[in-house]
Protein chains: 2
Amino acid sequence: MVGAVGGAAVMYQAMGMMGLAQASPYSGPIKLDDAPAGTKVLVLGAGIAGMVAAMELRDAGYEVEVLEYRGVAGGRCWTLRAGDTYEELGGAVQKVDFAEGNYFNPGPWRVPYNHYGILDYCRRLDVELEALIQINNMAYVHSTKAFDGKPVRYREINSDFRGHISDLLSKVTNQGALDDVLSEEDKANLLAGLRTFGALNSDNQYVSGNAASGRRGYERPPGGGVDGAPIANEVLDVSTLLSSGLWSRLATSESLNSSMPIFQPKGGMDMIARAMAANLGDLVKYEKRVTQIRQDETGVTVVYEDMANDGAEVTTAADYAVCTIPFSILSQIDHDFSGPLSSVISTMSYNTSIKVGLEFNRRFWEEDEHIYGGTTYTDLPISQISYPSNDYLSKKPGVLLGAYSWGATAYQFSSMPPEERVSRALEYGSQIHPQMTEEFKAGVAVAWHRVPWTLGCYGAWQDKDAQYADGVAMDRRIVCAGEHLSYLPAWMEGAVLSSLDAIGRLHQAATGNAGN
Amino acid sequence: MVGAVGGAAVMYQAMGMMGLAQASPYSGPIKLDDAPAGTKVLVLGAGIAGMVAAMELRDAGYEVEVLEYRGVAGGRCWTLRAGDTYEELGGAVQKVDFAEGNYFNPGPWRVPYNHYGILDYCRRLDVELEALIQINNMAYVHSTKAFDGKPVRYREINSDFRGHISDLLSKVTNQGALDDVLSEEDKANLLAGLRTFGALNSDNQYVSGNAASGRRGYERPPGGGVDGAPIANEVLDVSTLLSSGLWSRLATSESLNSSMPIFQPKGGMDMIARAMAANLGDLVKYEKRVTQIRQDETGVTVVYEDMANDGAEVTTAADYAVCTIPFSILSQIDHDFSGPLSSVISTMSYNTSIKVGLEFNRRFWEEDEHIYGGTTYTDLPISQISYPSNDYLSKKPGVLLGAYSWGATAYQFSSMPPEERVSRALEYGSQIHPQMTEEFKAGVAVAWHRVPWTLGCYGAWQDKDAQYADGVAMDRRIVCAGEHLSYLPAWMEGAVLSSLDAIGRLHQAATGNAGN
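Residues numbered from 1 in each chain as written. Chains lettered and ligands numbered in written order. Predicted model: local features only at pLDDT ≥ 70, side-chain atom pairs only at ≥ 80, totals over all residues. Heavy atoms only, no water.

1. Looking at the overall build of chain A
Along its length, chain A carries 17 helices and 27 strands. Overall size of chain A, expressed as C-alpha extent along the three principal axes, is 80 × 65 × 40 Å. By the burial criterion, 63% of the 516 residues in chain A qualify as buried. The contacts of chain A with a sequence gap of at least 6 include a subset with a gap of at least 24, amounting to 69%. With the model as given, the accessible surface of chain A reaches about 17900 Å², and the carbon-plus-sulfur share is 47%. Charge centroids of chain A, computed over 41 positive and 62 negative side chains, lie 3 Å from each other. (Helix = DSSP H or I, 4+ residues; strand = E, 2+ residues; numbered from the N terminus. Buried < 20%, exposed > 50% of the residue type's maximum accessible area, 1.4 Å probe, protein only. Contact = heavy atoms within 4.5 Å. Areas by Shrake-Rupley, 256 points an atom, 1.4 Å probe, with all protein chains shown as cover. Lys, Arg positive; Asp, Glu negative; His and termini not counted. Charge placed at Lys NZ, Arg CZ, Asp CG, Glu CD.)

Structure, rendered in structure tokens:
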């Protein structure tokens, strides 16, 4: 058995690992050798980008000082827990009335498998991860314009779309419609492939029966004992399926950043920020509001208001700085960045987003509807309902993501007081889960345009192609970093990769290797 | 915003929950009312079926005695942990040399979301679950006959197959090949649907570029800083894709029993068995080897060898019995079941299966290849490699499923001594993961035909259509139950549903309602 296939392994080993051959922007911990002694770097902002920069520069031998506006680290990597209070821009205050141990991630909530940078920091800092269920075949797809507004199980639409397109393509293949593009062997392989892919019968047809029901669900599922034999249910006819529009949801979890496997830190997203902050210890100075940034050929000078000390004005200096302050905030700070970078700072807008966390007395989605984790997609303004991927089967109150929207809807929600955002999310959600009305316990709603430390969700370029080089370029003694300066906007990985690239260039400058 | 869609919700509520309308063989805890006082039921076997029967009958008021051959409960719901010893039929003994805390599930390893029965017992007994990653886009599909034996990432084959079939179907749709089966509106919806489903460009073509790479992976993924812009990689041409045969792996996780979400108990599958056994307490008598089963119109008499007491022969009696002993074992026990049931018992064969657990000094699949959980499929005799869905990022040794095979391969492995099974699994596996050779730490190999308490993996009927009614029918005072008497063979859910159906009928008989 072994000999016949041994050759491939030898050759494969000789070629090296395919996985390693595949280029990645993160290839392991950064190496910054020969940092010049006594060189100080100021890091502005203790979000993910700032803390990555601070940890690596410290480890390389630089003197590091981090100034953070808030009383805690993390920036958008943020978790609201039972008992927390959150005051948004405009003064509305929300007390998080969740049951002990429950939490909600208003910002990032997922760590995709292909975000090697942030995953490696989790590994190095011992942040425990658990799988987040992205695809749930039992969750719903929902359109107010299809099936009389009734939600349909994802698996039904997924199975029927795969089945019908496989059936149609088989039909035309057998009719010769592909004879000019496929060989006979290709066609035979295609038909075999479609049979498997679409759960077709031996005539390559997608029809009601146990093959289809084995994917989309049964009228009576296979059981045990006397009436154990299954009864198939009926597949949707192709026209009903196509006119529903619900097929638009079938690719959501195919994109790299949303495909399985994908993770969440156990206990809340800010466990990552907490681990980084603990690693940095007292290098991070909290409640320091930066008011002025100046630089010359010899160094950087930053003025800040020390909110931990009655707002006293303090000036600090360094040889270099990494500025991770979002441009939405930085544009309001007195700085002397050069013209091209200033132009990027002042023209970058920040998209908003609304997220509503809803706590219910019991996990009706699990108990009544057999939905464990995953996401229901809807054309209602809440856009999606995402069920918790932790504490499955718990009999205690559970928190779900009751709304996660962008664009016009997010603006509308942002203009409401928080309690109205919550009640709207409940109203919409109850069209999918009627139990919401009775089981509601507590809610919290974060509108990102009103989050004081970012004034938005992520940076949107006026003209990325034209401006990107100016935005990322080191400006004399200062380099900017963050998700906004990456091609993974709104993701923590964008912040990590931007930060590593930025400090690599800062280090080159500091060691006189800027010409590289 | 709310009013426009309010009507649908009202109607939906009036119609009741879709989820509840969908029939299931498990609709909540069984209700067995008015059990006749002083009625005793003997349960043979403390696997899942036997323990479910015992718990429910006890709760209904029956006197219950459970006889179990082994020293622990669970049957095939079994976990091998560091330090365990396992002696198989033939006398080969394996000591599990794993690192502290590591384990391996030789039998069931997954609890699908649609197995409502076993999930409800987990809920009721507070068994904690965690998500098992079934689909991993980063895992491999591998054929010794394709790509020179090199493994390919699942996402590349998945994206390219979806893309190419969507491209082909779009093409023929635009050429009019479907004009006789689809309306103009259908065709427009189909084209839009295929664009999304297949990651096609605006001309409905699947071509190399960022749209395809956003699913299949990039030459250089999106990054941060100076060189942040992504570079797409090349899609496979349709003929190469089709001739690879690797598309045969794309439906594995579409079937209901293997689709997301799917779970594992934290700490090992036998946490379910342990919870049931703890619930039953001293109702379960361990190390009792049943040697004879007799019944008449008034009751059941069972003789067993008390292995906990020097093999003393003991006779016990009851009004009724539930027999969950696998037919592979029961056929060797002296019994007086009626002709039709005896015929089923003697003609049922048990399929075998081989599972090999391999422990490595480090999680090279995570560290080197970015594979977190999920399964690699191969045409090598090991069939699959499944990576642990727990302790992600751990720096300690990790255990993966290094082989899981059926049929001829399983017979071949069964005939080898355990250590050779392990070394073969390593040899094959190293063709996909060359690191296996150097990182190997310990292994354990279970061949199900050699497991003393089942002599096989699951029951296979000689002629299920013809025999099923005889197999499940109550035989005077005894009813049989287990996965073998269900339409979910080899699954714990089959055992649960079979058991609940069996005790429902036993209860009807005991309460004189047998005519129902």
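2. Considerations on the domain arrangement of chain A
All names here are of chain A. In terms of domains, chain A is made up of domain 1 (38-71 + 274-347 + 462-511), domain 2 (80-138 + 260-267 + 353-450) and domain 3 (154-240). Domain 1 and domain 2 are separated by 30 Å when their C-alpha centres are compared. Counting residues at the interface gives 14 residues for domain 1, matched by 13 residues for domain 2. The contact between domain 1 and domain 2 buries some 1200 Å² in all, and 70% of this surface belongs to carbon and sulfur atoms. (Domains from an automatic or database assignment. Buried area = accessible area lost by both parts, 1.4 Å probe.)

3. Here we look at the interface of chain B and chain A
The interface of chain B with chain A comprises 126 residues on the first partner and 127 residues on the second. Between chain B and chain A, a total of about 11000 Å² is buried, with carbon and sulfur atoms accounting for 67% of that surface. Run the count over chain B and chain A and you get four salt bridges. Note that Arg162 of chain B and Glu254 of chain A form a salt bridge whose closest N and O atoms lie 3.2 Å from each other. (Salt bridge = Lys/Arg side-chain N within 4 Å of Asp/Glu carboxyl O.)

4. Let's talk about the nonpolar core
Formed by 269 residues in total, the largest nonpolar core has its most connected members in Ile272 of chain A together with Ile272 of chain B. Contacts of Ile272 of chain A, omitting those with residues within four sequence positions, involve Ile48, Cys77, Val111, Ile118, Cys122, Val127, Pro265 and Met492 of chain A. (Core = buried A, V, L, I, M, F, W, Y, C linked by side-chain atoms within 4.5 Å.)

5. As for the sheet that holds strand 15 (residues 288-295) of chain B
In any sheet, the strands associate via hydrogen bonds between backbone groups, in a parallel or an antiparallel arrangement. All names here are of chain B. Taken together, the four strands give an open sheet; going across it, the order is 17-16-15-19, and neighbouring strands pair in mixed fashion. Only two strands of the sheet have a single neighbouring strand rather than two, namely strand 17 (312-318) and strand 19 (334-335). Of the strand pairs in this sheet, strand 16 (residues 300-306) and strand 17 are connected by seven bridges, and their pairing is antiparallel. What sits directly across from Tyr304, in strand 17, is Val314. (Pairing = 2+ DSSP bridges.)

6. Comments concerning the UniProt feature "domain: Amine oxidase" (unreviewed entry) in chain A
The residues that UniProt annotates with the feature "domain: Amine oxidase" (unreviewed entry) are residues 48-502 of chain A. Between the C-alpha atoms that bound residues 48-502 of chain A there is a distance of 13 Å. The span itself is 32% helix and 24% strand. (UniProt positions renumbered as here; feature names shortened; annotations may be inferred.)

7. Focus: the pattern of salt bridges
All told, the structure shown has 60 salt bridges over all chains when counted by the stated rule. Of the charged contacts, one joins Arg362 of chain A and Glu367 of chain A as a salt bridge, the two residues approaching to 2.9 Å between their closest N and O atoms. Accessibility expressed as a relative area gives 23% for Arg362 of chain A, which makes it partly exposed. Overall, Glu367 of chain A belongs to the partly exposed group, its relative accessible area being 30%. Note that Asp306 of chain B is salt-bridged to Lys288 of chain B, the shortest N-O span being 2.7 Å. Highlighted residues: Asp306 of chain B in strand 16 and Lys288 of chain B in strand 15, separated in sequence by 18 residues. Side by side, Asp306 of chain B and Lys288 of chain B carry an identical accessibility label, which is buried. Each of the salt bridges in this network shares a partner with another, and the network as a whole consists of Glu56, Asp120, Arg123 and Arg124 of chain A.

8. Notes on unusual backbone geometry
Look at the link from Met260 of chain A to Pro261 of chain A: it is a cis peptide, with omega at 0 degrees. Relative to the elements of secondary structure, Pro261 of chain A occurs in the loop between helix 8 (238-244) and strand 13 (262-265). Of note, Asp126 of chain B is a non-glycine position whose phi angle comes to about 60 degrees, a positive value. Position of Asp126 of chain B among the secondary structure elements: in the loop between helix 4 (116-124) and strand 8 (129-132). A relative accessible area of 57% means that Asp126 of chain B is categorised as exposed. Positive phi outside glycine occurs at Arg476 of chain B, with the angle close to 50 degrees. Its location among the elements puts Arg476 of chain B in the loop between helix 16 (464-472) and strand 27 (478-480).

9. A word on the confidence of the model for chain A
When pLDDT drops low, the exact placement of atoms in the prediction is not to be read closely. Residues and elements named next belong to chain A. On average, chain A scores 94 in pLDDT, and the residues at 70 or more come to 95%. Across residues 1-23 the pLDDT falls below 50, and counting only partners more than four positions away or on other chains, this stretch makes 46 contacts in the model. Scoring of the predicted complex yields 0.94 for pTM and 0.94 for ipTM. (pLDDT = per-residue confidence, 0-100.)

10. A look at the side chain of Glu130 of chain B
With respect to the helices and strands, Glu130 of chain B occurs in strand 8. This buried residue, Glu130 of chain B, is left without a salt bridge; Lys266 of chain A holds the nearest opposite charge, at 5.2 Å.

11. Regarding the relation of the copies chain B and chain A
With an RMSD of 0.0 Å, the fit of chain B onto chain A corresponds to turning through 180 degrees and sliding 0.0 Å along the axis. Both copies of the chain, as the preceding transformation shows, are related through a two-fold rotation axis. When the interface residues of chain B are mapped onto chain A, 100% of them again lie at the interface, so the same face is used by both copies. (Least-squares fit on C-alpha atoms with pLDDT ≥ 70 in both.)

12. Points about the pairing of strand 13 of chain A
Each regular strand shows side chains that alternate between the opposite faces of the sheet. Residue and element names in this part refer to chain A. Residues Ile262 and Gln264 point to one face of strand 13 and Phe263 and Pro265 to the other, with burial holding for every one of them. Sheet analysis places strand 7 (residues 111-112) next to strand 13, joined by two bridges and oriented antiparallel. When the bridges of strand 13 are listed, Val111 appears paired with Phe263. Inspection of the sheet shows strand 8 (residues 129-132) paired to strand 13 by four bridges, in the antiparallel sense.

13. Overview of the sheet that holds strand 17 (residues 312-318) of chain A
Pairing is mixed across the open sheet formed by four strands, whose spatial order is 17-16-15-19 (chain A). The sheet is open, and its two edges are formed by strand 17 and strand 19 (334-335) of chain A, each paired on a single side.

14. Examining helix 9 (residues 270-280) of chain A
Among all positions in helix 9 of chain A, only Asp270, Ile272, Ala273, Ala275, Met276, Ala277 and Leu280 of chain A are buried. Just downstream of helix 9 of chain A lies Gly281 of chain A, where phi reads positive at about 55 degrees.

15. Looking at the packing of helix 3 (residues 48-60) of chain A against helix 4 (residues 116-124) of chain A
Residues and elements named next belong to chain A. It is at 13 Å that the axes of helix 3 and helix 4 come closest, and there the two elements cross at 60 degrees. As the angle between them shows, helix 3 and helix 4 are arranged oblique. Every pair of crossing elements has a handedness; the one defined by helix 3 and helix 4 is left-handed. For the pair helix 3 and helix 4, contact is made by Ile48, Val52, Met55 and Glu56 and by Ile118, Tyr121 and Arg124, respectively. When its residues are assigned to classes, the contact of helix 3 with helix 4 shows five nonpolar, no polar and two charged. (Axes fitted to C-alpha atoms, helices over the stretch in contact; angles between N-to-C directions. Parallel < 35°, antiparallel > 145°, perpendicular 65-115°, else oblique. Left-handed = near helix turned anticlockwise from the far one by under 90°. Nonpolar A, V, L, I, M, F, W, Y, C, P; charged D, E, K, R; others polar.)

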